[in-house]
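Fold and contact review
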Amino acid sequence: MSRLNYADKIILAPMVRMGTLPLRLLALRYGADIVYTEEIVDKKMVRTKRVVNEILGTIDFIDEFDGSVVFRTCNEESSRVVFQVGTSDAKLALDVAKLVEKDVAGFDVNMGCPKEFSIKGGMGAALLKQPEKIKDILTNLVSNTSIPITCKIRLLPTIEETLSLANVIQNCGVAAVAVHGRTKEERPQHPNNNEAIKKIAENLKIPVIANGGSREIETYEHILRFHKTTGASSVMIARAAQYNSSVFRSTGKLSLDEVIPEYLKLCIEYDNVFTNTKYCVQMMLRDLQETPMGKRLLDSKIEEEIYQIWGLLDYYKEKREEFMKQSLKLQVTLPS
Ligand code: FNR
């Protein structure tokens with residue numbers, strides 16, 4: 001597999017709960033060049049076991065204690081998927097990278113999450129003020145893995161501090177750095193500091209991936225405008241893709257009436273967990289949750305109910321039958 005190149009790319013951002021396999025595949029099919037997984041915390045990931053799922057054609061990382069799927073991936077994305085870890089520990093981060101390195105194209109460290117859970121654990125944006133720890137984590141990953149290493153940061157209070165941090169990161173040998181143009185105190189409704197991203201892009205040799213533009217992104221053309229305004233090598237989109245992943249289509253966005261069924265088909269094909277499917281569709285519907293269809297979704301208690309709303313119950317049943325037959329066949333053909 002050729003090494004993932006981060007220059008001149010349009011990227012699906014990491015998004016907790018949203019960025020599971022169905023959304024990543026849909027984003028790729030609509031035109032995203034690279035897709036990031038949701039952030040998965042190191043301690044959770046290291047207790048998983050890698051399992052080849054022959055029924056679904058996926059690689060699953062299963063929690064050894066509760067049997068849940070912590071990370072599911074497949075061939076279609078393997079050369080374009082970047083695994084994002086939440087970490088504050090160089091050894092654990094490397095353990096996770098070694099666990100997934102044969103199944104993903106890149107490995108990213110989240111240094112931007114401002115949530116209390118991350119900060120308390122010394123992860124996410126807590127790392128921004130700890131250059132020594134950053135060096136520790138990133139150089140250990142760069143020296144001991146075969147896939148490109150990146151990280152995703154936020155801005156520090158001044159541009160000088162941010163540039164100095166960006167240089168520390170570059171000197172660790174990473175392949176690229178994603179920059180969300182807000183400080184950890186700023187919220188999504190604050191304007192994104194595109195100027196700061198531009199300065200960082202001008203100062204670094206490695207590709208800078210601009211992020212934080214969704215407030216002004218409704219269409220593919222807006223993605224291109226964000227790319228141009230920031231002067232960054234690449235762009236990374238979160239909320240605009242969360243609402244409607246067909247924003248990645250260069251030929252124009254589709255209506256949610258088309259996008260949601262496509263998304264749900266992937267949920268069926270990859271046996272996505274009901275609660276995750278429901279949450280993601282709710283996030284796509286936003287205000288439409290108030291419509292009769294939205295209310296039916298909110299009331300749904302089992303996956304069949306969701307598929308029925310979008311006319312996919314027969315497809316769901318057909319696929320379940322296929323999985324069942326496949327599973328019986330595999331049991332029969334397994335060597336005794
Ligand atoms: C995020 N963000 C995020 N960032 C990250 O590094 N790892 C993560 O797991 C998440 N999770 C997450 C979930 C959801 C639902 C949202 C909306 C956002 C932040 C995200 O990647 C991005 O930095 C910001 O949303 C700004 O980019 P946009 O939305 O303006 O394109």
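Residues numbered from 1 in each chain as written. Predicted model: local features only at pLDDT ≥ 70, side-chain atom pairs only at ≥ 80, totals over all residues.

**Remarks on the UniProt feature "domain: DUS-like FMN-binding" (unreviewed entry) in the protein chain**
What counts here: UniProt positions are given in the numbering used here, feature names are shortened, and annotations may be inferred rather than shown by experiment. A helix here means a DSSP run of H or I that spans at least four residues, while a strand means a run of E at least two residues long, and both kinds are numbered starting from the N terminus.
The sites that carry the UniProt feature "domain: DUS-like FMN-binding" (unreviewed entry) are, in the present numbering, residues 11-284. In residues 11-284, the share of helix is 39% and the share of strand is 23%. The end C-alpha atoms are 18 Å apart.

**Remarks on the site of the ligand**
Applicable threshold: The criterion for a residue being near a molecule or strand is simple: its C-beta atom, placed using the backbone, must lie within 6 Å of it. Polar here means any residue other than Ala, Val, Leu, Ile, Met, Phe, Trp, Tyr, Cys and Pro, which are nonpolar, and Asp, Glu, Lys and Arg, which are charged; Gly is therefore polar.
Surveying the vicinity of the ligand reveals 22 residues, the closest of which are A13, E39, S214, A238 and R239. Residue assignment for the shell around the ligand shows that the elements contributing at least two residues are β2 (34-41) and α9 (239-243). The element that contributes the greatest number of residues to the shell around the ligand is α9, accounting for three residues. Partitioning the shell around the ligand into residue classes produces nine nonpolar, nine polar and four charged.

**Side note on the sheet that holds strand β3 (residues 48-53)**
Inclusion rule: Here, any two strands with at least 2 DSSP bridges between them count as paired. Only C-alpha atoms enter the line fits that serve as axes; for helices the fit covers just the stretch in contact. Angles between N-to-C directions range over 0 to 180 degrees.
Taken in spatial order, the three strands of this open sheet run β3-β4-β5, and their pairing is antiparallel. Two strands in the sheet have a free side with no partner beyond their single neighbour: β3 and β5 (69-74). This sheet shows a mean twist of 20 degrees between the axes of neighbouring strands, independent of strand direction. When strand β4 (residues 58-63) meets β5, the two strands line up antiparallel, connected through five bridges. Directly across from T58, in β5, lies its bridge partner C74.

**Points about the pairing of β3**
Note: β3 against β4, six bridges, orientation antiparallel. Looking at β4, one finds that N53 is bridged to T58. Remark: four residues form the turn of the hairpin made by β3 and β4, two consecutive strands paired antiparallel; G57 in that turn has positive phi of roughly 75 degrees.

**As for the domain arrangement of the protein chain**
We count it as follows: As annotated, the domain borders come from an automatic or database domain assignment.
Looking at the protein chain, the domain boundaries give domain 1 (10-248) and domain 2 (256-333). Taking only C-alpha atoms into account, the centre of domain 1 sits 27 Å from that of domain 2. Those elements that place two or more of their residues in the side of domain 1 that touches domain 2 are α1 (21-30) and α9. For the side of domain 1 that touches domain 2, the residue count by class is nine nonpolar, six polar and three charged.

**Focus: the nonpolar core**
Going by this rule: Linking buried Ala, Val, Leu, Ile, Met, Phe, Trp, Tyr and Cys residues through C-beta atoms within 7 Å yields a set, and such a set is a nonpolar core. Between the buried cut of 20 or more and the exposed cut of 12 or fewer other C-beta atoms within 10 Å of a residue's own C-beta lies the partly exposed class, and all C-beta atoms are placed from the backbone. Two residues form a contact once the distance between their C-beta atoms, set from the backbone, is within 7 Å.
Counting 96 residues, the largest nonpolar core has I11, L138, V177, I209, V235 and I237 as its most contacted members. Taken together, domain 1 (10-248) and domain 2 (256-333) each give at least three residues to this core, which thus spans both. For V235, the residues in contact, after removing those within four places along its chain, are I10, I11, I209, A210, G213, I223, F226 and H227.

**Re the sheet that holds strand β10 (residues 208-211)**
The eight strands lie next to each other as β1-β2-β6-β7-β8-β9-β10-β11, forming a closed barrel whose pairing is parallel. Averaged over all pairs of adjacent strands, the angle between their axes in this sheet comes to 30 degrees, without regard to strand direction. Packing of helix α7 (residues 194-203) onto the sheet brings it into contact with β8 (149-155), β9 (176-183) and β10, and relative to β9 it is tilted by some 155 degrees.

**Looking at unusual backbone geometry**
Non-glycine residue R17 carries a positive phi angle of around 70 degrees. If you trace the backbone, R17 turns up in the loop between β1 (10-12) and α1. On the basis of neighbour count, R17 is assigned to the partly exposed category, with 13 C-beta atoms found within 10 Å. For R286, which is not a glycine, the phi torsion comes out positive at approximately 45 degrees.

**Digging into the packing of helix α3 (residues 90-100) against helix α5 (residues 131-144)**
Note the following rule: Left-handed describes a crossing in which the near helix is turned anticlockwise from the far one by less than a right angle; the clockwise case is right-handed.
Put simply, α3 and α5 touch, their axes get as near as 9 Å, and they point 35 degrees apart. Here α3 runs over α5; the crossing is right-handed. Contacts from A90, A93, L94 and A97 in α3 reach D136, I137, N140, L141 and N144 in α5. Of the residues in the contact of α3 with α5, the class split is six nonpolar, two polar and one charged.

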